[in-house]
Structures are given as C-alpha cells and as structure tokens.
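Structural overview for review
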Number of protein chains: 2
Amino acid sequence: MNAMISTSEKILDVAQSLIVAGGYNGFSYADISDAIGIRKASIHHHFPTKAELVAALVDRYRQQTELGLKALREQSASPADQLQAYVNFWQACIQDATLPFCVCAMLAGETPMLPEEVASRVRAHFHHLAGWLTSVLRAGAEQQLIRLDKRPDDEAQMLMASVHGAMLSARAFGDPGMFAAIVKPQIARLLVANR
Amino acid sequence: MNAMISTSEKILDVAQSLIVAGGYNGFSYADISDAIGIRKASIHHHFPTKAELVAALVDRYRQQTELGLKALREQSASPADQLQAYVNFWQACIQDATLPFCVCAMLAGETPMLPEEVASRVRAHFHHLAGWLTSVLRAGAEQQLIRLDKRPDDEAQMLMASVHGAMLSARAFGDPGMFAAIVKPQIARLLVANR
DNA sequence: ATTTGTCTTCCTACTAGTAGGTAGACAGAA
DNA sequence: TTCTGTCTACCTACTAGTAGGAAGACAAAT
C-alpha cells in the first residue's frame, strides 16, 4: 500500500515541512527520526551532514519549481494567465497549508548563518524565479497584455518581493487570505485595460 | 569610558543582532555570554527564559520604532516625504549593516514555532507599522500628493510587504542596493505627478 | 545450486559538545 | 540588613555526528 516512496524522499519531505515551519536551525535529525520512524543514524547514512541534507532539499525544491513553472508556461495561453496561475498556486498552498511558505524565502532570511553550500543554492533559486518572471513579463509586454513602468527584470524583482512579503504578512497576521489581498492588486496594476 | 549602558540593554543589543542574523533558534545564551563577557547564569538573572528575553526585545524594538516613526511624522513636512524618509532609513540600515533586517520580519517567518508571547508581539508590530503607513497614505491622499488605487489600509499592506520582500531579496542576492531598487519604484508609483 | 563478496539500508550504542535553566555563594550598595 | 548583580558549579535534555555490526539483495564464481 506504500506509494513506493523512497526513504530519502521521505526524509526530504519531512525536513522540508520542518524548515518551512522553523528554518534551518528549527529542526534536528531527531525530529525527522521521530516523524518517519527511523533511527537518527540511518538519516546520516542518506545525508551525512545537515548541510548536505538541506542542500539536497533546496536542489530538489528548485527542480520541482522549474518543472512547475515550465508546465505553467505550456498550459496557460497568455502571459497574463501565467502570472495569475502562479499566484493562484501559492494562494492554494497557503490556504490548505500544504506548503504555507516558500522554502527558499524562509532560508533567505537566515542567509548570514547558512552553510555556503545552502546559501548559494537559495541564491540560485531566487535568480531562477526572477528570470522566469522577467520572461513572462517581457512576453506580456510584447503582446501588449502587460504594461511595464520599468525594465522587465526590475518589475520581476518587485513582483517577487511582493510575493515573499505577502507570505510573511499572511504568517504574521495568521491570515492566509492576506497573501492574495496583497499580491492580486500588484498583478492587476500590471494588466492592461482590464475591461 | 563606558557609555553607562546597562547590562540588560547590552544583552538585548547583542541578542537583537544575533536574531537579525539567524532568527529565534539561531542564537543561544552562550553566544550572548561570549559577546559581552558575562556568564550565562547572569543573563538568566536579567531574563529568566529565552522567551521572556525575546519578548522584551520585541517590546523594545516596537517602542523604538514607534518613537522613530513619530519623529518622522513631526520632522517631515509632507506625507510623501515621510514615506521617502522611512525607506531611506531602512536603506541606510541595510547599507551600513547596522540593522540589516527587520527584527519582526525575521521572527514573523518563524511564527509557527515561536512562543506565543513572542508571536503576539510580532503581530502587534506588524499591526502598528501597517497602521502608521495607512495614516501616512491617507493623509497623502487627502492632500492629493499620493494617488491610491485601493483603500489606504490595503495599499499600506502592499507597501509593507514590498519592504519586507525587498529586505529578503537584498539578503538572498547579497546586494544591499536591491532593497532600494525594489522599494523606490513602489513609492514612486504612489506619488502624484512627480514633476 | 551454492557459495562468496559487495552493496545498501538500517540498527544499537556511543561521543563530544551545546541547549536552556537552576542552586547557592559572595561582594558591594542601599 | 536586605537587595542587586555577578559568579562558580552543576543539571538534564538535546545537538550533530561516528563506530561497528546485522540483514537482506544481487551478481559472479564455484
């Protein structure tokens, strides 16, 4: 009946939800051990050090994101829809608490005391996400669906910051709806002539 | 030669810079002890538990913020200038690394595993800051210096999220200039006819 | 077919060091 | 004298990480 999910995947799953809740220093091997019913030492077999574990986790996260964003570009017709779908994805994650915060946004806050191998991967995720947003915005501007006041990459950075800040506010206020309340208007102002 | 700064203030100063670097679980009594040359037990005399220490820290932080924002309202003539000054303040803090991140933004990310006495104070800070921004935006709109697409409190939440998200991006990219690059355009779009 | 060796995964048992926190003594100031 | 701040010395629980071995899977050699 087990969905044939490997132990190392289970470890990463648990570690991810723990990181999302409390960051790099907010979980221990013992926590993972308890959650999946395996000894601490066995986790060290799969991931010798905590830094390696989290680095692998961020790699997987970025890979999943990459896949998700690619799927989004292929499914949604217009750049405007792609933007909406991206925001809706996070809205759903936050609402049903499956992934109530971006792993890399969480870790980014802790940058100053993150192992370099983790910090560099977090930076890579930020670069990648900003790149995706830039290309969507640029395409939208070319098709005259989106109106940009600044260069596409600047607008992408602004949008990304809004998304992360909105996650933070949703958490601080304990109100999942706050995310959409902040991000949707930011999207709306980019869309040309919404009538 | 000591500037007559009390031990408990020193403790809070060090704890604050450590929290800003690594969050609630990113520092220990031993770290503070090492930094100010006092035994761990002596810190427990001033702040019996870690939760109490951080709660006191956030109280002080909010109080300082309150004072700073009030001063800002009294010094700066127009609401537009107040907004600019607020952003400039953070820009300076991030640039010279005196306070490269908002204490409460840091803690907000860790909300799910924060002691309730800390979480509630972080929430209070968010409320207070949002309130200040709302009143500045409302005043600006009344004087027709600021153009609001949405209700003042919604625009305030959007601005606050931008500020926090911009701090996160500046950290992730290791580029202090990123903060201003993201926030300044957000302010600019609110200002009416900038010529 | 059985043995041999290797690889993987997990285990028990352990280490050194750190976590937050406590008890009690002492010195100086009020 | 009592109160405040600091100290030494200690506690229990937990931290990441290690040592060494048991059990099974697989493949090649016998």
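The structure we're discussing is the one just above.
Definitions and limits used
Residues numbered from 1 in each chain as written. Chains lettered and ligands numbered in written order. Predicted model: local features only at pLDDT ≥ 70, side-chain atom pairs only at ≥ 80, totals over all residues. Heavy atoms only, no water. Least-squares fit on C-alpha atoms with pLDDT ≥ 70 in both. Near = heavy atom within 4 Å. Polar contact = N/O pair within 3.5 Å; in protein donor to acceptor, adjacent residues only side chain to side chain. Helix = DSSP H or I, 4+ residues; strand = E, 2+ residues; numbered from the N terminus. Nonpolar A, V, L, I, M, F, W, Y, C, P; charged D, E, K, R; others polar. Core = buried A, V, L, I, M, F, W, Y, C linked by side-chain atoms within 4.5 Å. Buried < 20%, exposed > 50% of the residue type's maximum accessible area, 1.4 Å probe, protein only. Contact = heavy atoms within 4.5 Å. Buried area = accessible area lost by both parts, 1.4 Å probe. Salt bridge = Lys/Arg side-chain N within 4 Å of Asp/Glu carboxyl O.

Observations concerning the relation of the copies chain A and chain B
Laying chain A over chain B is done by rotating through 180° and shifting 0.0 Å along the axis; what remains is an RMSD of 0.0 Å. A rotation of that kind, with that shift, is consistent with a two-fold axis.

What to know about the protein's contact with DNA strand D
Taken together, 16 residues lie around DNA strand D, and A:K50, B:T7, B:R39, B:S42 and B:H46 are the ones closest in. The share of sugar and phosphate among atoms of DNA strand D within 4 Å of the protein is 56%. Between a base oxygen of DNA strand D and a side-chain N or O atom of A:K40, the distance comes to 3.0 Å. Within the backbone of B:R39, one N or O atom sits 2.9 Å away from a phosphate oxygen of DNA strand D. When residues of the surface near DNA strand D are traced back to their parent elements, those giving at least two are α2 (29-36) and α3 (40-46) of chain A together with α3 (40-46) of chain B. Here the element with the most residues in the surface near DNA strand D is α3(B); it accounts for 4 residues.

Focus: the protein's contact with DNA strand C
Neighbouring residues of DNA strand C: 17 residues in total, closest A:T7, A:R39, A:S42, A:H46 and B:K50. Of all DNA strand C atoms lying within 4 Å of any protein atom, the proportion belonging to sugar or phosphate reaches 56%. Within the contact set of DNA strand C, a phosphate oxygen lies 2.8 Å away from a backbone nitrogen or oxygen of B:K50. Sorting the residues of the surface near DNA strand C by element identifies α3 of chain A together with α2 (29-36) and α3 of chain B as the ones contributing at least two each. Per-element accounting of the surface near DNA strand C gives the leading share, 4 residues, to α3(A). Within the surface near DNA strand C, the residues separate by chemical class into 7 nonpolar, 7 polar and 3 charged.

Quick word on the nonpolar core
The biggest cluster of nonpolar side chains holds 140 residues, and the ones touching the most others in it are A:L107, A:F179, B:L107 and B:F179. Those residues in contact with B:L107, other than ones at most four positions away along the chain, are B:I19, B:Y24, B:V54, B:V58, B:L114, B:V118 and B:V122.

Some details on the interface of chain A and chain B
With 34 residues of chain A at the interface, the matching set in chain B holds 34 residues. Of the roughly 3,100 Å² buried between chain A and chain B on both sides combined, carbon and sulfur atoms contribute 70%. Taken together, the links from chain A to chain B amount to 0 salt bridges. Counting across the chain A and chain B interface gives 3 residue pairs in polar contact (both at pLDDT 80 or more). Of all the secondary structure elements, the ones that give two or more residues to the side of chain A that touches chain B are α1 (7-22), α6 (103-109), α7 (116-142), α8 (152-173) and α9 (177-190) of chain A. Top element by residues in the side of chain A that touches chain B is α8(A). It accounts for 13 residues. For the side of chain A that touches chain B, the class distribution of residues is 17 nonpolar, 12 polar and 5 charged.

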